[in-house]
Amino acid sequence: MKKWLADYRIESRLQFPVDAPPVKIQIGDAEVTVSNVSHIDLPNESLAAQIVVLADDINTAEKLALTKIREVLHLLSFTTGSGFRISRKRFVTDWSPGVEVREQFAYGHDDQTDRWPDLKEEYFLTVQEIERTPHVNKLRTALRWYAAAARSMVPEDQFQYFWFVLELLSEFTKGKELVADKCQVCHGELYCPKCAAVSQHRPFPKQAIEDLLNRIKVAPERQRDLFRIRNGIMHGDTREEIEVDIRKQSPEFEISHAVDFIGRSAYIALFNSFGIKQSQIANMVFGEPDSFVSRTTTFKAHMMIGMHGDPENPSLENVVLPEITATRTDAAGIPTEKKPPRSPIGSS
């Protein structure tokens, strides 16, 4: 197998003391080096991290290095009590000794931060109207989780936060009527001969969520996928494992699709729970995002490239890294600086 070096930049509130030397650790077959960033890195970045892995080819190395560095950062969050997030992948390159021309992935990033000039007075007037609804105080926690989902950068976290919204609303709107225990095989109602009656109880949390999803017209196959994702996240399945499983029924599935769907479902369920009067609706305006999921565009160049220094002893400062840039264009290919603003929509 070949050696491969992957280079990343990390966002964190923690840094090493000024002039501290890099820290190097061994994680199985992988070697990880972490240091403070240099003055040429982005203002939001605090750490530079490199990892050397063994792999047969560059595609395998790219995936393995990213998995390993994430695992290291998760453990580092545990040992420090602080957060760490990969902000940029910079390159993956052949790190085997004696190579004159090295295979390399070099990455470019669309670092433009979008700002939409869509924030209008109508949204604040809608907030004012919602504050007058009868149940708003009982929904504060659900609203907090909805807001956490909307601002999160991790799709799995977004899904879980939106799920919390549905869990809370299902308990808030749960009726007092009893439901029957079900057979695990045929799902028929269970009859107790001693009591000469069907066994009944208050709805369990899962049943309450199913009832809520039924009330907002979520199809059974959609409910099946939502529960599969929720259970997978809670039981430690990776995003890739969940996607592979659900693609058996839905070949085009991505976790981002589920985040957008459960986000819209949480919105509808919240809207229905406020107790909004018909007379208030005409005074309300809501925004509809294209997607709840944050996306960063990354460009990857696959190349064969030479390197300075001694090929028998490659070093980081001798890596030749081309600068990759991109210009946003509209549908006609004309350069543009901003995305078109989203249009507000009225509630229905």
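Check the entry above for the structure.
Residues numbered from 1 in each chain as written. Predicted model: local features only at pLDDT ≥ 70, side-chain atom pairs only at ≥ 80, totals over all residues. Heavy atoms only, no water.

**Student:** Please set out the packing of aromatic side chains residue by residue, giving values where relevant.
**Tutor:** Tallied over the entire structure, the rule returns eleven aromatic pairs. Centre to centre, the rings of W145 and F164 are 4.8 Å apart; their planes meet at 70°, and the pair counts as edge-to-face. Of this pair, W145 sits in helix α3 (residues 140-151) while F164 sits in helix α4 (residues 155-172), and the two are 19 residues apart along the sequence. On the basis of an interplanar angle of 65° and a centroid distance of 5.0 Å, the ring pair of F162 and F292 is categorised as edge-to-face. In this pair, F162 sits in helix α4 while F292 sits in the loop between β11 (285-286) and β12 (298-306), placing the two residues 130 residues apart along the sequence. With respect to burial, F162 and F292 carry one shared label: buried. (Phe/Tyr/Trp six-rings, centres within 6.5 Å; stacked < 30°, edge-to-face > 60°. Helix = DSSP H or I, 4+ residues; strand = E, 2+ residues; numbered from the N terminus. Buried < 20%, exposed > 50% of the residue type's maximum accessible area, 1.4 Å probe, protein only.)

**Student:** If you had to explain the pairing of strand β1 (residues 2-12) to someone new, which residues and values would you point to?
**Tutor:** Counting buried residues in β1 gives eight out of eleven residues, a clear majority hidden from the surface. Where β1 meets strand β4 (residues 47-55), nine bridges bridge the pair, whose relative direction is antiparallel. Across the sheet, I10 pairs through a bridge with L47, a residue of β4. (Pairing = 2+ DSSP bridges.)

**Student:** Let's hear about the environment of G98: which residues, and what values?
**Tutor:** Residue position: G98 is located in the loop between β5 (84-94) and β6 (101-109). Judged by its relative accessible area of 34%, G98 falls in the partly exposed class. Separated by 214 residues in sequence, G98 and E312 place their C-alpha atoms 4.3 Å apart. Ignoring sequence-local partners within four residues, the contact set of G98 consists of P311 and E312. (Contact = heavy atoms within 4.5 Å.)

**Student:** Lay out the pairing of strand β2 (residues 23-27) in plain terms, naming residues and giving numbers.
**Tutor:** Two strands pair when backbone bridges link them, and β2 and strand β3 (residues 30-36) are joined in this way by five bridges, in the antiparallel orientation. Bridge assignment links K24 to a residue of β3, and that residue is T33. The hairpin turn running from β2 into β3, its antiparallel successor, is two residues long, and G28 in that turn takes a positive phi close to 60°.

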